[in-house]
Number of protein chains: 4
Amino acid sequence: MTAPKDHNSRSRNGNADDRLRLLVERIERMEEEKKGLGDDIKDVYNEAKAVGYDAKMLRQIVRLRKMQPADRREMEATLEVYKAALGID
Amino acid sequence: MTAPKDHNSRSRNGNADDRLRLLVERIERMEEEKKGLGDDIKDVYNEAKAVGYDAKMLRQIVRLRKMQPADRREMEATLEVYKAALGID
Amino acid sequence: MTAPKDHNSRSRNGNADDRLRLLVERIERMEEEKKGLGDDIKDVYNEAKAVGYDAKMLRQIVRLRKMQPADRREMEATLEVYKAALGID
Amino acid sequence: MTAPKDHNSRSRNGNADDRLRLLVERIERMEEEKKGLGDDIKDVYNEAKAVGYDAKMLRQIVRLRKMQPADRREMEATLEVYKAALGID
DNA sequence: ATTGCGGTTTTTGCCC
DNA sequence: GGGCAAAAACCGCAAT
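All values reported here derive from a predicted model rather than from experimental measurement. (Residues numbered from 1 in each chain as written. Chains lettered and ligands numbered in written order. Predicted model: local features only at pLDDT ≥ 70, side-chain atom pairs only at ≥ 80, totals over all residues. Heavy atoms only, no water.)

Enquirer: What is the right way to read the packing of helix 2 (residues 55-66) of chain B against helix 3 (residues 69-86) of chain C from this model?
Expert: Helix packing for two helices is described by the angle between their axes and how far apart those axes are. In contact at an axis separation of 10 Å, helix 2 of chain B and helix 3 of chain C are set at 50° when each is read in the N-to-C sense. Considering the angle they form, helix 2 of chain B stands oblique to helix 3 of chain C. Where helix 2 of chain B crosses over helix 3 of chain C, the two elements pack in a sense that is right-handed. Counted together, Lys56(B), Met57(B), Leu58(B), Gln60(B), Ile61(B), Leu64(B) and Arg65(B) of helix 2 of chain B and Met75(C), Thr78(C), Leu79(C), Tyr82(C), Lys83(C) and Leu86(C) of helix 3 of chain C form the full contact between these two elements. Grouping the constituent residues of the contact of helix 2 of chain B with helix 3 of chain C by class yields eight nonpolar, two polar and three charged. (Axes fitted to C-alpha atoms, helices over the stretch in contact; angles between N-to-C directions. Helix = DSSP H or I, 4+ residues; strand = E, 2+ residues; numbered from the N terminus. Parallel < 35°, antiparallel > 145°, perpendicular 65-115°, else oblique. Left-handed = near helix turned anticlockwise from the far one by under 90°. Contact = heavy atoms within 4.5 Å. Nonpolar A, V, L, I, M, F, W, Y, C, P; charged D, E, K, R; others polar.)

Following this line, the structure appears as structure tokens:
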């Protein structure tokens with residue numbers, strides 16, 4: 001089924017339409033907020049640039065800090081893989 | 001210049017350090033919020049799917065509503081032209 | 001079991017090593033080829049753009065042609081329903 | 001402009017249509033090849049699995065080998081960034 | 001100014 | 001069906 005059915009013909013599907021519209025509007029509101037946050041972040045980068053920092057490098061730092069835990073685990077896991085692959089237990 | 005210079009040797013560059021750290025932390029906080037919002041949006045799509053909507057088409061709708069009507073119609077028209085040329089439909 | 005065992009201790013697991021290395025290298029070679037093809041495809045899109053076509057709509061067309069006609073029509077129909085419900089067009 | 005114009009009405013736009021069709025078909029051929037390569041790669045993973053290797057781990061190894069040079073450079077660059085940000089020349 | 005390009009994010013398809 | 005890897009769209013920058 002593609003969409004909820006509305007068997008009350010008197011409503012001219014107003015109920016289903018409203019349900020859809022509500023969902024879409026909730027999403028749009030959140031996406032706006034999300035976009036606002038994205039803009040704020042961009043502002044901070046510009047502010048940083050304005051006081052002499054290199055935005056690209058800042059992004060690199062942020063990315064690196066984010067990646068550290070995940071990456072360390074991945075490296076560890078892969079190390080285990082190598083050992084296993086080479087038959088060292 | 002890559003970073004602000006701090007000519008007061010007594011500070012041992014603590015000021016520059018703090019400035020950088022502060023910027024990075026502000027960004028990280030905002031990115032976290034942004035990620036949370038993204039997760040919330042995904043939840044709404046799942047909720048929509050749970051009541052019978054096609055999430056992929058929903059995304060398409062949200063995209064269409066973001067566009068200017070004129071642009072949207074132009075896109076749609078172009079697509080129709082190409083479809084006709086290739087015998088689609 | 002994670003990897004094939006090599007019980008011939010004299011080989012110092014050279015066989016397992018080589019087997020792994022060989023597999024990885026085969027994969028890497030194929031992935032390179034695959035990437036080359038991807039670049040070629042991009043070139044064609046650029047060429048199309050250069051003679052006046054809208055690359056994004058072209059991609060859409062290619063996607064549509066890949067689908068089963070029945071599926072394509074179903075998608076299109078669903079989208080129309082949603083558009084109508086939200087008063088688009 | 002969205003598509004090349006064909007002012008020769010006698011041709012019923014056959015020329016423009018053919019041009020489009022040709023482009024699309026070239027793309028489709030290449031995408032098929034690309035897909036074939038993707039399938040071949042998948043086969044190798046399955047073959048590896050069949051002789052006891054863990055495909056997921058193999059993928060990790062391949063990814064790691066691909067990332068190594070880029071990642072090392074990124075780390076180096078970021079190190080420089082840190083130094084610069086802290087005013088150490 | 002315009003357009004190609006690198007990188008970031010979003011979407012899609014896949015395997016478990 | 002939910003998470004993960006590949007593809008596509010989007011954006012700002014740079015270079016011409």
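Enquirer: Looking at this model, I keep getting lost on the packing of helix 1 (residues 14-50) of chain C against helix 2 (residues 55-66) of chain C. Mind explaining?
Expert: Residues and elements named next belong to chain C. Remark: helix 1 packs on helix 2, axes separated minimally by 9 Å, with the N-to-C direction vectors making an angle of 125°. One way to sum up the angle between helix 1 and helix 2 is to call them oblique. As helix 1 runs across helix 2, the sense of the crossing is right-handed. The residues of helix 2 that touch helix 1, namely those facing Tyr45, Ala48 and Lys49, are Ala55, Leu58, Arg59 and Val62. Tallied by class, residues from the contact of helix 1 with helix 2 come to five nonpolar, no polar and two charged.

Enquirer: Would you explain the protein's contact with DNA strand E in this entry?
Expert: With respect to spatial proximity, the complete set of residues near DNA strand E consists of Lys34(A), Arg63(A), Lys56(B), Arg59(B), Arg63(B), Lys42(D) and Lys49(D). Among all atoms of DNA strand E positioned within 4 Å of the protein, those belonging to sugar or phosphate total 100%. Within the side chain of Arg63(A), one N or O atom sits 2.9 Å away from a phosphate oxygen of DNA strand E. A distance of 3.3 Å separates a phosphate oxygen of DNA strand E from a polar side-chain atom of Lys49(D). (Near = heavy atom within 4 Å. Polar contact = N/O pair within 3.5 Å; in protein donor to acceptor, adjacent residues only side chain to side chain.)

Enquirer: Teacher, can you tell me more about the protein's contact with DNA strand F here?
Expert: Taken together, Lys42(A), Lys49(A), Lys34(C), Lys56(C), Arg59(C), Arg63(C), Lys34(D), Arg59(D) and Arg63(D) form the complete shell of residues around DNA strand F. Close to the protein, within 4 Å, the atoms of DNA strand F are drawn from sugar and phosphate at a rate of 100%. Of all the elements in the fold, those that place two or more residues in the surface near DNA strand F are helix 1 (14-50) of chain A, helix 2 of chain C together with helix 2 (55-85) of chain D. The leading source of residues in the surface near DNA strand F is helix 2 of chain C, at three residues. Taken together, the residues that form the surface near DNA strand F break down as no nonpolar, no polar and nine charged.

Enquirer: It is not clear to me how the interface of chain D and chain C should be interpreted in this structure. Could you clarify?
Expert: Put simply, an interface is often sized by how much accessible area is lost when its parts join up. Of the residues lining the interface, 34 residues belong to chain D; the matching set on chain C comes to 34 residues. Linking chain D with chain C are six salt bridges. Between Glu28(D) and Arg65(C) there is a salt bridge, with its nearest N and O atoms 2.7 Å apart. Going through the elements one at a time, helix 1 (14-50) and helix 2 of chain D are the ones with two or more residues in the side of chain D that touches chain C. Counting residues per element, the side of chain D that touches chain C draws most heavily on helix 1 of chain D, at 21 residues. The class makeup of the residues in the side of chain D that touches chain C is 19 nonpolar, three polar and twelve charged. (Salt bridge = Lys/Arg side-chain N within 4 Å of Asp/Glu carboxyl O.)

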